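Single-letter residue listing:
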Amino acid sequence: MNLPIKRNVMNYNRILSVLAGLCLLFMSSQVFAFESRKDYFLRPQIGGWFGPITPIYKTGDLVDASIGGGLFFRYNTPYRPIKVGVDSSYQFFPSKGVNRMHFIPLYASAIYLLPLNLPVKLQVKGGFGGAYIHIFPDDRGRWDPLFMTGIEMSFPAGRVINIGARIDYIYVYEGYLDGAKMGGHFLNTGIALFFNVNF
């Protein structure tokens, strides 16, 4: 009677040892996967966004809100929390009257990853560049300087893709023009896809 009991105890110990080993292996793989996702998030990124584009302040009196989208590229710097990027988009603003506007901003930016221990990543950004504006019914187009700031939120959806949202404020400077009393003010919001790449 003692021998079968002893064998059963040994079998249970072996099973427990195997289960414990599998649990340790699973937990270590999860930690490695988390670190991998974090590392992939810090790689260079290309992506796009799509969402509402809203003229604000005096600009909102001239044209109406619409839907727009754009593309961007991000590259890491030696200081890991900071990336540099290039953004561009196409935006068309209709109105209930005769005013219409084509708006194509192109700008460089610096993006800072906030050191917060959250499931999502928060980034703040600022930049400058130029904007091509074509206005109707005047049928005139020109390039103006622009300045921007914004915030982004994203989370990893695998090793290659991050999903997020962004809010950007764009100010178009027109003070250098004779008779110009205001600049252009735009608020862009949208859903963004970030593709992590290797260079």
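Residues numbered from 1 in each chain as written. Predicted model: local features only at pLDDT ≥ 70, side-chain atom pairs only at ≥ 80, totals over all residues. Heavy atoms only, no water.

As for the nonpolar core
Right, so step 1: Phe 93, Met 101, Phe 103, Leu 146, Ile 170, Val 172 and Phe 186 are the most contacted members of the largest nonpolar core, which has 17 residues in total.
Right, so step 2: Within the residue set of this core, elements represented by two or more residues are strand S1 (45-55), strand S4 (100-113), strand S5 (121-136), strand S6 (140-156), strand S7 (161-172) and strand S8 (184-196).
Right, so step 3: With sequence-adjacent residues up to four places away left out, Phe 93 is seen in contact with Ile 53, Thr 54, Pro 55, Val 63, Asp 64, Asn 99, Arg 100, Met 101, Phe 103 and Phe 186. (Core = buried A, V, L, I, M, F, W, Y, C linked by side-chain atoms within 4.5 Å. Buried < 20%, exposed > 50% of the residue type's maximum accessible area, 1.4 Å probe, protein only. Helix = DSSP H or I, 4+ residues; strand = E, 2+ residues; numbered from the N terminus. Contact = heavy atoms within 4.5 Å.)

Here's the deal with unusual backbone geometry
Right, so step 1: For the bond from Phe 136 to Pro 137, the omega torsion is 15°, close enough to zero to count as cis.
Right, so step 2: Within the secondary structure layout, Pro 137 lies in the loop between S5 and S6.
Right, so step 3: One non-glycine residue, Tyr 57, lies in positive phi territory at about 60°.
Right, so step 4: Relative to the elements of secondary structure, Tyr 57 occurs in the loop between S1 and strand S2 (66-76).
Right, so step 5: Although it is not a glycine, Asp 139 adopts a positive phi angle of roughly 55°.
Right, so step 6: Note that Asp 139 resides in the loop between S5 and S6.
Right, so step 7: Accessibility expressed as a relative area gives 49% for Asp 139, which makes it partly exposed.

Focus on the pairing of S4
Right, so step 1: Going residue by residue along S4, you find Met 101, Phe 103, Pro 105, Tyr 107, Ser 109, Ile 111 and Leu 113 tucked away on one face and Arg 100, His 102, Ile 104, Leu 106, Ala 108, Ala 110 and Tyr 112 left uncovered on the opposite face.
Right, so step 2: When strand S3 (residues 82-93) meets S4, the two strands line up antiparallel, connected through 10 bridges. Within the sheet, the bridge partner assigned to Val 86 lies in S4 and is Ala 108.
Right, so step 3: Linking S3 back to S4 in an antiparallel pair, the connection comprises six residues.
Right, so step 4: When S4 meets S5, the two strands line up antiparallel, connected through 14 bridges. Looking at S5, one finds that Tyr 107 is bridged to Gly 129. (Pairing = 2+ DSSP bridges.)

What about the packing of aromatic side chains?
Right, so step 1: Summed over the entire model, instances satisfying the criterion amount to six aromatic pairs.
Right, so step 2: Judged by centre distance (4.3 Å) and plane angle (20°), the rings of Phe 103 and Phe 186 are stacked. Residue Phe 103 is located in strand S4, and its partner Phe 186 is located in strand S8; the two are separated by 83 residues in the primary sequence.
Right, so step 3: Judged by centre distance (5.8 Å) and plane angle (55°), the rings of Tyr 132 and Trp 143 are tilted. With Tyr 132 in strand S5 and Trp 143 in strand S6, this pair connects stretches of sequence that are 11 residues apart.
Right, so step 4: One aromatic cluster is present, built from ring pairs that chain together Phe 93, Phe 103 and Phe 186.
Right, so step 5: Above the plane of the ring of Phe 72 lies Arg 74, whose end atom (NZ or CZ) is 4.6 Å from the centre. (Phe/Tyr/Trp six-rings, centres within 6.5 Å; stacked < 30°, edge-to-face > 60°. Lys NZ or Arg CZ within 6 Å of the ring centre and 35° of its normal.)

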